[in-house]
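# Observations on the three-dimensional arrangement
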Amino acid sequence: MSRRLVLEYLSTKGDATRSELVAAMGMSFSAISTLVIQLRDEGLVEEVPTSADSGMARTARRGRRPGLLRLKEQSTPILGIDIGHAVVRVAIAESPSAILDEAVQEIDTDQSAERTMQLVVELSRQLVARNSLALEEIAACGVGVPSPVDSVTGVIDPQTIVHEWAGLSPGKEFSQALGIPAFIDNDANLGALAEATLGAGVGCRTQVFVKIGFGIGAGLIFGGSLYSGANGAAGELGHVQIRSDGVLCRCGARGCLETVASAEHLVASLEAISERSLSLADVVAMVASGDRAATRVFVDAGRAVGRSLTSICTLLNPEAVIVGGDMGGATGLLAAQIQDVLTDNSLPSSVHNLRVVPAAFGPRAGLVGALINARLRGRPGPMRPVQPLA
Ligand SMILES: [Zn+2]
């Protein structure tokens, strides 16, 4: 356990001194030193000199200067891929917190999964080439998809409502096409991983990441571990019923959260009273300019998301709800409404310490999570630690 935590700390937070590991792991200095010797002998960790002016570099012990510990593979770049409903993002990075270059491209929302995968492979090749690298020099790639993924087999649930991806194994396909190991997960799970490891949820053992965009999904972190359910389908918040007499949802049920709070619903509501067709960016800008109708639909959406979270918060007593997705400048308004509804409707003892905050990585949380998964080389099984716990 402590061995894995040390490796995960170095892979997500970057280089660290022994003292920093002692503070983060709550272990004794001698236990950490023994572990470091083991990891060094196995060739997993190397010691690099600290810069002379670093405060961490100084030690009182007879002037001996401890080195910085670094994962050996840390110097090998990684690739992150986030496949969304209408946009794909690809990044090449030295570490999840040090992105070297990034490409974003809109995609036709009706195109086949095969076509999208071809496009992503092409984008990845271009990105690697324009950074004067070869694919053989990339350690691994992480991939996020907008659908439940079986966390053991990497197969997209055949029952998924994202029909074009049903039953596919994109991890295997990307691995073959790019010639590097590929690790796939659901996009909201990856967003949760990013925020818990490096973003707005650092230090919280139990948190809920909510991604609000054309779809709505959640990533659940319980007791410091990402929970993906029996077959990878945990966190499908968008299909929690909000109104029993509501409109039909793409999943076949009635009155799901997505039918009242997704980007598609917000845009359509405002188009219905407007003379023109609108984009999501248009309606977010309308909120920023104080437009009354736009503010109204975002307030309603935020309150609906809040209601969908009341049971989760009463049952699981999270420390934080992190609001991510594609709502840009309107995310703060959504977060405030969610906080308000949760405070009013959940059990006080479950939510009195709860904070609802916008995601630190905004719409890029899934991409950063994909990079973390690439560096950690995925994690089989439904529960997996996301960060060392002090
Ligand atoms: Zn639904």
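### Observations concerning the overall build of the protein chain
Looking only at helices and strands, the protein chain features 13 helices and 13 strands. A globule of 390 residues ought to have a C-alpha radius of gyration of about 21 Å, and the protein chain, at 22 Å, matches this closely. Once the C-alpha set of the protein chain is aligned to its principal axes, its extents read approximately 75 × 50 × 40 Å. When burial is assessed residue by residue, the protein chain has 45% of its 390 residues classed as buried.

### A look at the pairing of strand S5 (residues 98-106)
As paired strands, strand S4 (residues 87-95) and S5 are joined by eight bridges and run antiparallel to one another. Counted as the bridge partner of Val87 is Glu106 from S5. From the end of S4 to the start of S5, which pair antiparallel, there are two residues.

### Thoughts on the nonpolar core
Most often, soluble globular proteins have nonpolar side chains that are buried together. Membership of the largest hydrophobic core comes to 93 residues, with the highest contact counts inside it found for Cys141, Val305, Val321, Val323, Leu334 and Ile338. Sorting elements by how many residues they give to this core places helix H10 (residues 292-316) first, with nine residues. Summarising the domain contributions, this core has at least three residues from each of domain 2 (78-190 + 366-371) and domain 3 (200-359). Not counting the four nearest positions on each side in its chain, Leu334 is found in contact with Ile212, Phe298, Ala301, Gly302, Val305, Val323 and Met327. Formed by 10 residues, the second largest nonpolar core is a distinct cluster that contains Leu10, Leu21, Ile32 and Val45.

### Side note on helix H9 (residues 280-288)
For H9, the full list of buried residues reads Val283, Val284, Met286 and Val287. Seen along its axis, H9 keeps its buried residues to an arc of 155 degrees; they face one direction.

### Examining the pairing of S4
Counting buried residues along S4, seven of its nine residues qualify, which places the element largely inside the surrounding structure. Alignment of strand S3 (residues 78-83) against S4, held across six bridges, turns out to be antiparallel. Looking across to S4, one finds that Gly80 is bridged to Ala91. Turn length for the S3-S4 hairpin, with the two strands adjacent in sequence and antiparallel, is three residues.

### Comments concerning the environment of Ser33
Following the sequence through the fold, Ser33 ends up in helix H3 (residues 29-41). On the neighbour-count criterion, Ser33 (15 C-beta atoms within 10 Å) is partly exposed. Linking Ser33 and Ile221, residues 188 residues apart in sequence, is a C-alpha distance of 30 Å.

### Re the packing of H9 against H10
With their axes 8 Å apart at the nearest point, H9 and H10 run at an angle of 105 degrees to one another. In terms of their interaxial angle, H9 and H10 are classed as roughly perpendicular. Within the contact between the two elements, H9 uses Val283, Met286 and Val287 and H10 uses Ala294, Thr295 and Phe298. The residue makeup of the contact of H9 with H10, split by class, is five nonpolar, one polar and no charged.

### Considering the sheet that holds S4
As summarised here, the arrangement of the five strands in space is S5-S4-S3-S6-S7, forming an open sheet in which the pairing is mixed. Each end of this open sheet is capped by a strand with a single partner; those strands are S5 and strand S7 (182-186). Each neighbouring strand pair of the sheet contributes to a mean axis angle of 15 degrees, computed without reference to strand direction. Strands in contact with helix H5 (residues 170-178) are strand S6 (141-145) and S7; relative to S7, the strand with the most contacts, it is inclined by about 150 degrees. Strands in contact with helix H6 (residues 187-198) are S3, S6 and S7; relative to S7, the strand with the most contacts, it is inclined by about 100 degrees.

### Digging into the environment of Ala230
Checked against the element boundaries, Ala230 lands in the loop between strand S10 (225-227) and helix H7 (258-261). We classify Ala230 as exposed; it has 9 C-beta atoms within 10 Å. Here the alpha-carbon distance between Ala230 and Asp150, two residues 80 residues apart in the chain, equals 8.4 Å.

### Some thoughts on the confidence of the model for the protein chain
Per-residue confidence for the protein chain averages 89 on the pLDDT scale, and 92% of its residues sit at or above 70. Segment residues 52-64: pLDDT under 50, and 10 contacts once partners within four positions in sequence are set aside and those in other chains are kept.

### Notes on unusual backbone geometry
Positioned with a positive phi, Ser132 is a non-glycine residue whose angle comes to about 55 degrees. Examined against the element boundaries, Ser132 turns out to sit in the loop between helix H4 (113-130) and S6. At Asn317, a residue that is not glycine, the phi angle is positive and equals roughly 50 degrees.

### Structural notes on helix H1 (residues 2-13)
Helical geometry note: an α-helix holds 3.6 residues per turn, so side chains three or four residues apart project in the same direction. For H1, which comprises 12 residues, the first-to-last C-alpha distance of 16 Å matches the rise-based estimate of 16 Å (1.5 Å per residue) to within 8%. Among the residues making up H1, those that are buried are Val6, Glu8, Tyr9, Leu10, Ser11 and Thr12.

### Looking at the packing of H4 against H5
Contact geometry of H4 with H5 gives a least axis separation of 11 Å together with a crossing angle of 40 degrees. Taken together, the axes of H4 and H5 are oblique relative to one another. In this structure, H4 meets H5 at a crossing whose hand is right-handed. Between H4 and H5, the residues in contact are Met117, Val121 and Ser124 and Pro170, Glu173, Ala177 and Leu178, respectively. Looking at the contact of H4 with H5 residue by residue, the class counts come to five nonpolar, one polar and one charged.

Here is what the cut-offs are and how they apply
- Residues numbered from 1 in each chain as written.
- Predicted model: local features only at pLDDT ≥ 70, side-chain atom pairs only at ≥ 80, totals over all residues.
- Helix = DSSP H or I, 4+ residues; strand = E, 2+ residues; numbered from the N terminus.
- Rg over C-alpha atoms; globule rule 2.2 N^0.38 Å.
- Buried ≥ 20, exposed ≤ 12 C-beta atoms within 10 Å, placed from the backbone.
- Pairing = 2+ DSSP bridges.
- Core = buried A, V, L, I, M, F, W, Y, C linked by C-beta atoms within 7 Å.
- Domains from an automatic or database assignment.
- Contact = placed C-beta atoms within 7 Å.
- Arc of directions from axis to C-beta.
- Axes fitted to C-alpha atoms, helices over the stretch in contact; angles between N-to-C directions.
- Parallel < 35°, antiparallel > 145°, perpendicular 65-115°, else oblique.
- Nonpolar A, V, L, I, M, F, W, Y, C, P; charged D, E, K, R; others polar.
- pLDDT = per-residue confidence, 0-100.
- Expected span 1.5 Å × (residues − 1).
- Left-handed = near helix turned anticlockwise from the far one by under 90°.

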